[in-house]
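# Topology and contacts: notes
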Amino acid sequence: MRLLPDNLMRDLAYGLRSLKNSPTFTATALFTLALGIGANTALFSVIDAVLVRPLPYPNADRLVMLYGRLPSGETEGPSPADFLDYQRQSHSFELLSAVRETPMNLAGRDQPERIQGAVVSPEFFNLMGAAAEAGRAFSAQIDKPGAAVAVLSDALWRNRYGADPHIVGQSIDLDGGLRTVIGVMPARFAFPPECQAWVLSRFSIVEQPLSPFQDPSSRRDSHYFDTVGRLKPGVKPSEAQAETDVIARRLKLRFGDQEDAVGSSVVDLREDLVGQTRPTLLLLLGGVALLLFIACANVGNILLARGSSRQREIAIRASLGASRIRIVRQLLTESLLLAVAGACAGILVTYFALAPLRAFTPEDMLLGIQPALNLRVLAYTLTVSLVAGIVFGLAPALHYSKADLSEGLREG
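Within every chain, residues take consecutive numbers counted from 1 along the sequence as written. Predicted model: local features are reported for residues with pLDDT of at least 70 only, side-chain atom pairs are reported and counted for 80 or more only, and whole-chain, interface and lining totals are derived from all residues. Processing note: side-chain calculations cover all non-hydrogen atoms of the structure and skip hydrogens and water entirely.

Our next topic: helix H5 (residues 154–161). The classification of residues rests on relative accessible area computed with a 1.4 Å probe and restricted to protein chains. Under 20% of the type maximum is buried, over 50% is exposed, and intermediate values are partly exposed. The helix and strand labels rest on DSSP assignments: H or I over at least four residues marks a helix, E over at least two residues marks a strand, and numbering proceeds from the N terminus. Of the residues making up H5, those classed as buried are Asp-154, Leu-156, Trp-157, Arg-160 and Tyr-161. By definition in these notes, contact holds between two residues if any of their heavy atoms fall within 4.5 Å. Elements in contact with the buried residues of H5: strand E3 (93–107), strand E4 (113–120), strand E6 (149–152), strand E7 (171–174), strand E8 (177–184) and strand E9 (197–200). One or two residues past the end of H5 sits Gly-162, with phi positive at roughly 60 degrees.

Following this line, the structure appears as structure tokens:
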């Protein structure tokens, strides 16, 4: 049983012979299309990683950031006392955790180095649904605030400690104190972005860096950490914000000038992390789409120039009974074959472009998700290629399908 109709098989065979017999034209068109399609595919692979693929955390759609809203309309992390009040009074969250990014000094093996770290409250990893690759992560049931323990990122473990399989249980000199390594996180875990080590806060809330030994739990005028939360199943960010808004207004009425915030803001974690990059990425995608349009216009012009040498052939086909639709279909088949070949070449261009793209794309944008040629990206490439084939092939096909037969037959 044939998979394709006979007419289509003949069109494909004839189209392949036609392209084979015009190597200079075919190579020029393929090179032009490969650049346009490859640029589109490469950028879409970044957009897919940043904006489309789910974040690499369980139930990522329920992860949010919680901010306090100031009278000016600006937002910033809640104060320590507000954070604790949200924990006690809110019913929209399964868990809330305080996170403060901070540079840390790592001494010991080799030369001391400055790394990016994070001070977190004990429920942090449980909230993120993240399990350690080796050892264990922090646990509110086991680890008390101020415990001298640390969790390392996969990158730090490999680069600094040579992927030592016995690192768990060893002590490291981190920020001037010895801490016991209790776990190593998997490579795909990256929150906060670019973080290399996590340590516990000294108190139930992350301590103020300028007063590290003073319990900040009663402070309402200090904002120095972020709050990440996991919503309960079925709760929307807007519903959580409505609840925390009520709590914030109640706190403002109670504490007056001591309280900075007059409301709250609950933002989806992906939107918070990459929302500002979306317009830039879409603008870049528009730019490479314009590049592809220019490539299609150039190939279309080449096809028009090439078609002038095929007028006699087209006239003979028409005189033998080929309808205009039949001729258009044949010419479009050749254009689509060229587009599919250009897509294959474009995928090859993308494959070699992915490594530089990964190197130049900020880690805090990728969130541990690397651009890749997955099925979604390949489907996008095929769609773009077919549309491009129709765009650059339709005008020449229509133009030469209505050429004057007598003039074409007199040629030569």
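Within this document, salt bridges are pairs made up of a side-chain nitrogen of Lys or Arg and a carboxyl oxygen of Asp or Glu, the two lying within 4 Å of each other. The tally for this structure, following the rule as stated, stands at 15 salt bridges. Across the pair Asp-143 and Arg-136 runs a salt bridge whose closest N-O atoms are separated by 2.8 Å. Through salt bridges with shared partners, a single network forms among Asp-82, Asp-85, Arg-88, Arg-220 and Glu-259.

Here we come to the confidence of the model for the protein. Residues shown with low pLDDT carry predicted positions that ought not to be read at fine detail. A score from 0 to 100, pLDDT tells how confident the predictor is in each residue. Taken residue by residue, the protein gives an average pLDDT of 84. The fraction at 70 or more is 85%. Across the protein, strand E10 (residues 226–231) holds the top mean pLDDT of 96, while helix H13 (residues 405–410) sits lowest at 48.

Take the side chain of Arg-53 next. Within the secondary structure layout, Arg-53 lies in the loop between helix H2 (23–52) and strand E1 (63–69). Owing to a relative accessible area of 17%, Arg-53 belongs among the buried residues under this scheme. Aside from chain neighbours lying at most four places away, what touches Arg-53 is Ser-45, Asp-48, Arg-270, Ile-369, Gln-370, Pro-371, Ala-372, Asn-374 and Arg-376.

A few words now on a nonpolar patch on the surface. Nonpolar side chains collect at one region of the surface, where Leu-290, Phe-293, Ile-294, Val-387 and Val-391 lie side by side and expose about 470 Å² of accessible area between them. It is helix H8 (residues 278–307) that provides the largest number of residues to the nonpolar patch, a total of three residues. Relative to the assigned elements, Ile-294 resides in helix H8. Residues enter patches when they are more than 30% accessible in relative terms and free of salt bridges; like-charged ones are connected within 9 Å and nonpolar ones (Val, Leu, Ile, Met, Phe, Trp, Tyr) within 5 Å. Using the Shrake-Rupley algorithm and a 1.4 Å probe, accessible areas are obtained, with residue cover drawn only from the displayed protein chains.

So, on to the packing of helix H3 (residues 80–89) against helix H6 (residues 237–255). Contact geometry for H3 and H6: axes closest at 11 Å, N-to-C directions at 125 degrees. Between H3 and H6, the crossing angle belongs to the class labelled oblique. Considering only the axes of H3 and H6, their crossing is right-handed. Contact residues: Asp-82, Asp-85, Tyr-86 and Gln-89 in H3; Glu-243, Thr-244, Ile-247, Ala-248, Arg-250 and Leu-251 in H6. Split by residue class, the contact of H3 with H6 holds four nonpolar, two polar and four charged. Between the N-to-C directions of two axes lies an angle of 0 to 180 degrees, each axis being a line fitted to C-alpha atoms and, for a helix, fitted only over the stretch in contact. Oblique is the label for every angle not falling under 35 degrees (roughly parallel), over 145 degrees (roughly antiparallel), or within 65 to 115 degrees (roughly perpendicular). Helix crossings are classified by the rotation of the near helix relative to the far one: an anticlockwise turn of less than a right angle makes the crossing left-handed, while a clockwise turn makes it right-handed. Charged residues are taken to be Asp, Glu, Lys and Arg, nonpolar residues to be Ala, Val, Leu, Ile, Met, Phe, Trp, Tyr, Cys and Pro, and polar residues to be all remaining types, Gly included.

With a 1 Å grid spanning the protein atoms alone, the term cavity applies to any set of points in which a 1.4 Å probe fits but cannot get out, the term pocket to an open set with protein on both sides within 12 Å along at least five of seven lines, and the term lining residue to any residue with an atom within 4 Å of a point. Grid points are joined across faces, edges and corners, and a volume is the space filled by probe spheres set on the points. Enumeration according to the criterion identifies two cavities of 30 Å³ or more in this entry. Of the voids in this model, the second largest cavity is the one considered here, and its volume is about 40 Å³. If you go around the second largest cavity, the residues you meet are Gln-208, Ser-211, Gln-214, Asp-215, Pro-216 and Arg-219. Split into classes, the residues belonging to the lining of the second largest cavity amount to one nonpolar, three polar and two charged.

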